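# Report on the structure
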Amino acid sequence: MELDFSPLLDSWGYLLGGLGITVLLAVLTVLCSIVLGMALSIGRIYGSAWLRIPIVFYIDTQRAIPVFVVLVWIYFAVPILTGWNFHPFWAALVALTLNASAYAAEIVRAGIESIRPGQVRAGLALGMSRAQIVRQVLLPQALVRMLPSFGSLLTHTIKDTAIAAVIAVPELMKRAETVVGQSYRPIEVFTTIMFVYFIILYPGSRLIERLYQRVAHLGRS
Amino acid sequence: MSADDPMLTSHQRRGADLPPVVVYEEVRKLFGDFVALDGVSIQVNQGEVMCLIGPSGSGKSTLLRCTNALEVVSSGRVIFEGKPLPSNETEARKIRQRMGMVFQNFELFPHKSTLDNVAIGPITVLGMKEGDARARAMKLLDKVGLTDKAGSFPSSLSGGQQQRVAIARALAMEPDVMLFDEPTSALDPETIGEVLNVMKQLAEEGMTMIVVTHEMTFARRVANWVVVFDHGKVVEQGPPEQIFDAPTCDRTRDFLGHLGWNG
Amino acid sequence: MTLDWSIVWESRYALAEGAKLTVMLTVITMLIAIPAGIVLAVMRLSKSRVLSTSSMCFVEFFRNLPLLLVVYWAFYVMPVFMGIEFSAFTTGLVALSLNVSAYNSETFRAGINSIRKGQTEAAIALGMSRGEAMRKIVIPQAWRRVLPVLASTWVSLFKDTSLVSVIAVGELAHVAMQIRSQTFRVLEMLTAMAVIYWLMGYPQAKLVDWIRKKYEVKE
């Protein structure tokens with residue numbers, strides 16, 4: 001069997017662009033899901049039952065349905081319902097965010113609940129309101145504690161972005177398929193792309209761990 | 001007048017001629033079936049240092065938390081500066097602004113510098129300008145002897161230093177009364193003294209203080225009034241000379257005896 | 001927009017077949033990945049550098065790859081290396097097993113590591129052999145930590161089986177997507193697919209929560 005890596009050399013710029021889209025999609029997804037997840041978890045912890053029950057239902061639903069299913073539903077079914085057509089990139093961003101925000105909400109909730117009640121008492125004793133305590137005391141500490149979990153959410157999301165290839169988002173996975181389709185060199189292309197993903201993801205998780213070690217004390221009450 | 005005059009002790013109780021700061025009337029507090037406070041009636045006078053002593057779980061800390069409405073009493077009343085504590089949260093918040101509280105585990109905010117820990121109350125609660133609040137915070141850090149740690153984070157301070165910052169944080173609200181919940185129980189023995197000294201200094205300045213403590217030497221020397229708790233009840237109260245030198249009640253004697261106190 | 005939900009009812013047997021295959025893929029993958037995970041974890045913890053390094057490389061590699069890529073890779077590369085054609089089902093199974101084994105290995109390793117060394121020593125001091133100490137003391141304790149994580153992995157795996165639809169394994173997602181493209185009843189089929197996944201996945205997610213609560217380790 002002869003290996004021929006020339007298709008990769010010919011289209012490295014094209015693939016690199018795909019990697020850029022992969023990273024962009026993942027980072028946007030994580031940022032949106034952190035914001036959404038924070039809102040969901042605060043509603044879940046401090047909201048009334050009217051707010052809490054639908055939020056829990058939403059979170060559990062997202063944990064029960066594959067991202068793939070959410071993705072194809074958003075991309076193929078939503079335009080039929082609404083008449084809007086969107087670029088696959090936005091469909092992927094919405095679908096991945098809907099899914100990841102459920103996980104982000106669980107991360108934020110665990111983070112807030114891990115802070116000992118004395119911190120709330122200290123805030124109350126100063127005369128702070130509940131909202132002030134959440135904003136000034138709980139969330140900043142919880143965010144530090146959540147850093148490792150957000151790190152794994154990011155790596156998890158980078159892996160999930162590959163699924164967006166199914167709806168032809170031109171990210172790394174899709175472009176790799178395209179190169180394979182043109183050159184018919186699946187072994188060389190897919191194996192190389194595997195290492196590219198690995199090289200992004202493996203040090204990525206280590207880096208976040210390192211960063212966390214430096215700031216961990218800010219969350220340790 | 002001789003020191004043996006029985007009338008003298010009651011007359012001598014500090015602030016007796018002024019309206020009391022805090023009055024507890026038949027306060028009961030239940031946690032489920034557990035009776036944490038079982039009809040406590042005491043009063044705290046202006047400028048007085050009142051120490052609450054007694055075995056663990058006897059209700060001292062619960063009474064402290066009922067004082068600033070962190071816990072709501074099951075029955076009875078807590079009266080602060082002539083008015084019963086309000087039951088709604090917004091009103092309770094205003095009362096808490098006038099009481100400083102110091103916790104066993106310091107509860108400094110780990111994501112804020114020492115200076116910002118002290119300034120956070122005036123900024124967020126009183127709406128003070130950041131510059132003014134920091135200036136006030138700096139003065140208070142000076143008072144507790146920690147100006148050189150203004151920029152440090154709590155994680156780099158010793159327990160005693162953290163507790164001094166916590167005292168400064170509570171003082172930054174310029175409270176009428178300070179509540180101390182076992183302020184030295186979580187400290188290494190060598191740092192207890194520095195915290196007690198700050199408290200003693202506060203007492204000398206005339207701050208009204210309610211102190212839950214196991215530091216009998218501090219209670220003996222600094223308190224004006226000592227209340228002994230057992231099983232949610234006040235078993236004895238009086239000036240420190242009476243409690244430590246001539247307790248009238250067996251339970252007090254037992255408790256002090258267990259601590260190895262022998263006058 | 002006219003909707004015709006009867007297509008869902010008409011396709012009920014095909015969808016049921018698909019759902020059956022989804023469950024089979026999940027079960028068989030787990031049956032492979034649990035022993036494989038244990039073997040990898042024991043290799044990783046062994047004193048032999050070769051064994052522990054090769055286990056680490058395998059685990060870290062497959063944990064840090066998108067599953068979809070592993071599926072494609074297995075589809076294109078395996079036949080070339082092995083010289084035989086595999087069915088789509090087998091290919092999907094291999095890809096899922098590689099992925100889940102790597103995750104399980106980390107789960108088992110964390111479980112074993114969580115037991116303090118003193119526990120083994122105490123057991124040996126009582127006269128147990130190393131094997132007995134492992135069987136009677138270490139594993140039962142580690143199990144409490146391992147089970148909740150395995151349960152979450154199970155749900156992830158259940159959802160991930162939808163990805164092998166891209167190589168035409170006839171599980172639920174593939175069946176639904178096929179009917180969609182044959183009948184053009186896109187909204188109906190995709191919604192039906194989501195609902196079926198939800199009906200199957202929701203109780204599993206709840207079960208995981210229950211297991212986690214029950215076995216929660218208080219430190």
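Quick caveat: nothing in here was measured; it's all calculated off a predicted structure. (Residues numbered from 1 in each chain as written. Chains lettered and ligands numbered in written order. Predicted model: local features only at pLDDT ≥ 70, side-chain atom pairs only at ≥ 80, totals over all residues. Heavy atoms only, no water.)

## Describing the overall build of chain C
Within chain C, the regular secondary structure consists of 9 helices and 0 strands. Going from N to C terminus, chain C has its helices and strands arranged as α-α-α-α-α-α-α-α-α. A fraction of 77% describes how many contacts in chain C between residues 6 or more apart in sequence connect residues 24 or more apart. Accessible surface, chain C as shown: approximately 11000 Å² in total, 66% of it carbon and sulfur. (Helix = DSSP H or I, 4+ residues; strand = E, 2+ residues; numbered from the N terminus. Contact = heavy atoms within 4.5 Å. Areas by Shrake-Rupley, 256 points an atom, 1.4 Å probe, with all protein chains shown as cover.)

## Some words on the overall build of chain A
Check the secondary structure of chain A and you find 9 helices and 0 strands. The linear arrangement of helices and strands in chain A, starting from the amino end, is α-α-α-α-α-α-α-α-α. C-alpha extents for chain A along the principal axes are approximately 75 × 45 × 25 Å. The contacts of chain A with a sequence gap of at least 6 include a subset with a gap of at least 24, amounting to 78%. Of the roughly 9700 Å² that chain A leaves accessible, carbon and sulfur atoms contribute 68%. Across chain A, 17 positive and 11 negative side-chain charges occur, with their mean positions spaced 20 Å apart. (Lys, Arg positive; Asp, Glu negative; His and termini not counted. Charge placed at Lys NZ, Arg CZ, Asp CG, Glu CD.)

## Digging into the confidence of the model for chain C
Chain-level pLDDT for chain C is 89 on average; 98% of the residues reach the 70-or-more range. Reported confidences for the modelled complex are a pTM of 0.83 and an ipTM of 0.89. (pLDDT = per-residue confidence, 0-100.)

## Some remarks on the arrangement of the chains
Where the 2 pairs of chains in contact are concerned, the greatest contact count is recorded for chains A and C. For the non-touching pair chain B and chain C, the nearest C-alpha separation works out to 19 Å.

## A few points about the packing of helix 3 (residues 49-64) of chain A against helix 7 (residues 130-160) of chain C
Contact pair helix 3 of chain A / helix 7 of chain C: the axes reach a minimum separation of 9 Å and the direction vectors enclose 65 degrees. When the axis of helix 3 of chain A is compared with that of helix 7 of chain C, the two are roughly perpendicular. Counted together, Gln 62, Arg 63 and Ala 64 of chain A of helix 3 of chain A and Val 155, Phe 158 and Lys 159 of chain C of helix 7 of chain C form the full contact between these two elements. Class assignment for the residues of the contact of helix 3 of chain A with helix 7 of chain C results in 3 nonpolar, 1 polar and 2 charged. (Axes fitted to C-alpha atoms, helices over the stretch in contact; angles between N-to-C directions. Parallel < 35°, antiparallel > 145°, perpendicular 65-115°, else oblique. Nonpolar A, V, L, I, M, F, W, Y, C, P; charged D, E, K, R; others polar.)

## Details of the state of the cysteines
Applying the stated rule across the entire model yields 0 disulfides over all chains. No disulfide involves Cys 66 of chain B; its nearest neighbouring cysteine sulfur is the one of Cys 51 of chain B, lying 19 Å away. (Disulfide = S-S within 2.5 Å.)

## So, the environment of Glu 89 of chain B
You can see Glu 89 of chain B is positioned in helix 3 (residues 89-97). Looking at Glu 89 of chain B, the relative accessible area reads 37%, which means it is partly exposed. Distance from Glu 89 of chain B to Leu 70 of chain B, taken between C-alpha atoms, is 9.9 Å for residues 19 residues apart in sequence. Once residues lying within four places of it in the same chain are set aside, the contact partners of Glu 89 of chain B are Leu 124 of chain A together with Arg 96 of chain B. (Buried < 20%, exposed > 50% of the residue type's maximum accessible area, 1.4 Å probe, protein only.)

## Looking at the interface of chain C and chain A
Counting residues at the interface gives 40 residues for chain C and 40 residues for chain A. Taken together, the two surfaces of chain C and chain A that pack against each other cover about 3700 Å², and 77% of this comes from carbon and sulfur. When the buried area of chain C at its contact with chain A is split by residue, Asn 64, Leu 69 and Lys 159 of chain C rank highest and sum to 16% of it. Asp 209 of chain C is paired through a salt bridge with Arg 63 of chain A; the nearest N and O atoms lie 2.9 Å apart. It is helix 9 (residues 186-215) of chain C that contributes the most residues to the side of chain C that touches chain A, 13 residues altogether. Here the side of chain C that touches chain A is built from residues that sort into 29 nonpolar, 5 polar and 6 charged. (Buried area = accessible area lost by both parts, 1.4 Å probe. Salt bridge = Lys/Arg side-chain N within 4 Å of Asp/Glu carboxyl O.)

## Notes on the interface of chain A and chain B
Opposite the 22 residues of chain A that make contact, chain B presents 25 residues. Buried area between chain A and chain B, both sides added, is near 2000 Å², and the carbon and sulfur share of it is 63%. The three residues of chain A that bury the most area against chain B are Arg 121, Ala 125 and Leu 126 of chain A, which together make up 30% of that side's buried surface. In this assembly, chain A and chain B are joined by 1 salt bridge. Between Arg 116 of chain A and Glu 107 of chain B there is a salt bridge, with the nearest N and O atoms lying 2.9 Å from each other. Taken together, the links from chain A to chain B amount to 7 residue pairs in polar contact (both at pLDDT 80 or more). Taken together, the elements giving at least two residues each to the side of chain A that touches chain B come down to helix 6 (117-125) and helix 7 (130-161) of chain A. By residue number, the principal contributor to the side of chain A that touches chain B is helix 6 of chain A, which donates 7 residues. (Polar contact = N/O pair within 3.5 Å; in protein donor to acceptor, adjacent residues only side chain to side chain.)

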